[in-house]
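# Understanding the architecture of this molecule
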Amino acid sequence: MVRTRFAPSPTGYLHIGGVRTALFNWLFARQHGGQFILRIDDTDQQRNVTEALQPILDGFRWLGIDWDEGPDVGGPHAPYFQSQRADRHRAAVEQLLRRGLAYRDYARPEEIQAERAAAESEKRPFTYSRRWMAQTAAEAAQWENAGRQAVVRLKMPRCGTCRIRDLVRDDVEFQWDQEQDHVIQRADGSCLYHLASVVDDFDLGITHVIRAVEHLSNTPRQIFIAEGLGYTLPAYAHLPYVAEPGSSNKLSKRKLDKYLKHPDFKQLYEHGLRIAQLVGHGTTAETFNPVIVDFYQTVGYLPAALLNYLLLLGWSLDDKTEQFTRDEMIRSFSLERVNKAPASFDPAKLWAFQQRDMVALPTAAKLPLFLPYVQRAGWAAGWETAAVARTVGQIAQAAGDRIKTAGDILDYGEFFCADNELSYDAKAFEKRLRPPEAAARLQQARAALTSAEPFDAAGTEAALRRFLEETGLQMGDIVHALRVAVTGKAVGLGIFDTLAILGRECVTRRIDRSLQMR
RNA sequence: GGCCCCAUCGUCUAGCGGUCUAGGACACCGGCCUUUCACGCCGGCAACACGGGUUCGAGUCCCGUUGGGGUCACCA
């Protein structure tokens, strides 16, 4: 039985790179009919774990990455919080101590630091002298009488080779003598990450450890711990990290300002920002950041599009397949085809995937996605529920592929605002309504439209075309002025769809108003 | 700095010794369509980091150089 895991720290946000790692773990488990486990690597010091965990769980749920065991769903290996497994960790430390694979160390931090500094100044690799090591009770008592406190360190081998079989990178070798005697337990008895992680992975029956490559150099010490404890080793797969747009540095949530200098990233961000502001979502870098999954949920991306994009960030099936349904992903995924080199996050490509999926969605499926945005923006206030739904449906239909994310429905405020509150784009007004001939033409077009029957897209078009034929004008001579008059904007939906959605009374009122404002 | 990893168009990638005058996708640049915008369609630009080997033959194998990255915590 394949069992994989993703083990986030409750940081309050879900990093896009973390999602990719989780996705690969999830796909691998699902493909093999195995299980995907969510374990929370919290520590005792952390406060508000529940609160900081929520965005992470929400993110996974939104994406449809489900876990078989973990927070909220429980499971036979509970608890799934690292902080609650401390007794297991301590027992493991005791065992390593008994087997002579770890020792109590009474060095003071500054003493270790001094050794390290000395090694550095002599330009030789640092190896701890083990001067304050205590392997017997007598030695320990001696140091303790001197007022010292012990941590537990791994007693690492000082010769030989550690060979790691990696499912992504084949064999990788490390020399044991390069490894430090890492601390695995603090003086207060709390255990450190590497020890805890290895013990938990074993206890949870993890068969495949699939994680980011930054853990590759940590693997020897984990193997040492696992073997010391008599565990059978899991298979390892180290994924490349997700890099910044246009660079090979690791993508980081803290560098938003820097990324905003990248044109595509900036565009992605600013598009989202407009929507977030309209719905009153917070927009600090902490919560609103394209490096964090929450961003895409807020702006109204489709989970399938994000997942599909992330899948192809470091993995490919062949030389042409780009589109995957969830089932196809599960069927096609393989660790062997994961790339070794880091992959840059490309906002433009993500955007293309999103657009492709949104276009493919039937209007009926878009409606429930769009409606909440109109409601949150407060535009539905005073409207009957059915009327809002009808209007949003009409806009969705008429807008077609102009709406790329669900939040883009908020580009069409002109259909929800009162006639006397419609604002006009200043440039468009000057260009289309100010010219002397505009008023007369608009006046005539108004007359032609008033008699349109029925007042739908086809009816208004027929009426307007009759009018053009009579006057010898071209379509271009009137539609621009008409659009500005009824929407206040230079760009928008097809003009006849626009007229139909607004309705006869609204259209005539708005034309009259625009003429008055000249 | 030590150790480890990585290296094909701007970006994501295909390529596992000959089928590569290197394929696809996104972006970009032209053009067509068109009532604006968007979509769509057609076309174009664009890469094997460098140097040595091995081989009849190298993007593909080996070594080195360069470059990039990761990691060296009583963080996770």
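Residues numbered from 1 in each chain as written. Chains lettered and ligands numbered in written order. Predicted model: local features only at pLDDT ≥ 70, side-chain atom pairs only at ≥ 80, totals over all residues. Heavy atoms only, no water.

### Some details on unusual backbone geometry
- Here the bond from Ala78 into Pro79 is cis, since omega is 0°, no more than 30 degrees from zero.
- Position of Pro79 among the secondary structure elements: in the loop between α2 (49-63) and α3 (86-98).
- Residue Pro454 is reached from Glu453 by a cis peptide bond, and omega for that bond is -5°.
- Relative to the helices and strands, Pro454 resides in the loop between α17 (436-450) and α18 (457-471).
- Even without glycine at this site, Asp72 takes up a positive phi of about 75°.
- Position of Asp72 relative to the elements: it lies in the loop between α2 and α3.
- We note that Lys123 has phi near 55°; this positive angle belongs to a residue other than glycine.
- Looking at the secondary structure, you find Lys123 in the loop between α4 (109-121) and β4 (133-134). (Helix = DSSP H or I, 4+ residues; strand = E, 2+ residues; numbered from the N terminus.)

### Re the protein's contact with RNA strand B
- Ser9, Arg186, Tyr241, Ser248 and Arg402 are the nearest of the 60 residues found near RNA strand B.
- Taking all atoms of RNA strand B within 4 Å of the protein, the share assigned to sugar and phosphate is 74%.
- One of the side-chain N or O atoms of Asn339 is found 3.4 Å from a phosphate oxygen in RNA strand B.
- The contact in question runs from a base nitrogen of RNA strand B to an N or O atom on the side chain of Lys349, over 2.8 Å.
- For the surface near RNA strand B, the secondary structure elements donating two or more residues are α4, β7 (170-175), α6 (193-203), β12 (343-344), α13 (347-360), α19 (475-487) and α20 (495-502). (Near = heavy atom within 4 Å. Polar contact = N/O pair within 3.5 Å; in protein donor to acceptor, adjacent residues only side chain to side chain.)

### So, the pattern of salt bridges
- Enumeration over the complete set of coordinates arrives at 34 salt bridges.
- Salt-bridge contacts for Lys255 lead to Glu244; the nearest nitrogen and oxygen are separated by 2.9 Å. Here Lys255 is found in the loop between β11 (242-243) and α8 (256-259), whereas its partner Glu244 is found in the loop between β11 and α8, with 11 residues between them in sequence.
- Overall, Glu244 belongs to the buried group, its relative accessible area being 1%.
- Between Arg356 and Asp357 there is a salt bridge; the shortest N-O distance is 3.1 Å.
- Through salt bridges with shared partners, a single ionic network connects Arg5, Arg39, Asp41 and Asp201. (Salt bridge = Lys/Arg side-chain N within 4 Å of Asp/Glu carboxyl O. Buried < 20%, exposed > 50% of the residue type's maximum accessible area, 1.4 Å probe, protein only.)

### Here's the deal with the pairing of strand β1 (residues 3-6)
- Here β1 shows two buried faces, one formed by Arg3 and Arg5 and the other by Thr4 and Phe6.
- When β1 meets strand β2 (residues 35-38), the two strands line up parallel, connected through four bridges. Residue Arg5 lies in a different strand from β2, and its bridge partner there is Ile37.
- As for the winding sense of the linkage, the β-α-β connection from β1 through helix α1 (residues 16-31) to β2 is right-handed. (Pairing = 2+ DSSP bridges. Right-handed = clockwise from strand over helix to strand, strands pointing away.)

### Some details on the sheet that holds strand β8 (residues 183-185)
- Pairing is antiparallel across the open sheet formed by four strands, whose spatial order is β4-β3-β5-β8. The open sheet terminates on both sides in strands that have one partner only, identified here as β4 and β8.
- Bridge analysis of strand β3 (residues 102-105) against strand β5 (residues 151-154) gives four bridges, and the strand direction is antiparallel. Of the residues in β5, the one forming a bridge with Asp105 is Val151.
- The sheet contacts of α3 involve β3, β5 and β8, and relative to β3 the element is tilted by about 100°. (Contact = heavy atoms within 4.5 Å. Axes fitted to C-alpha atoms, helices over the stretch in contact; angles between N-to-C directions.)

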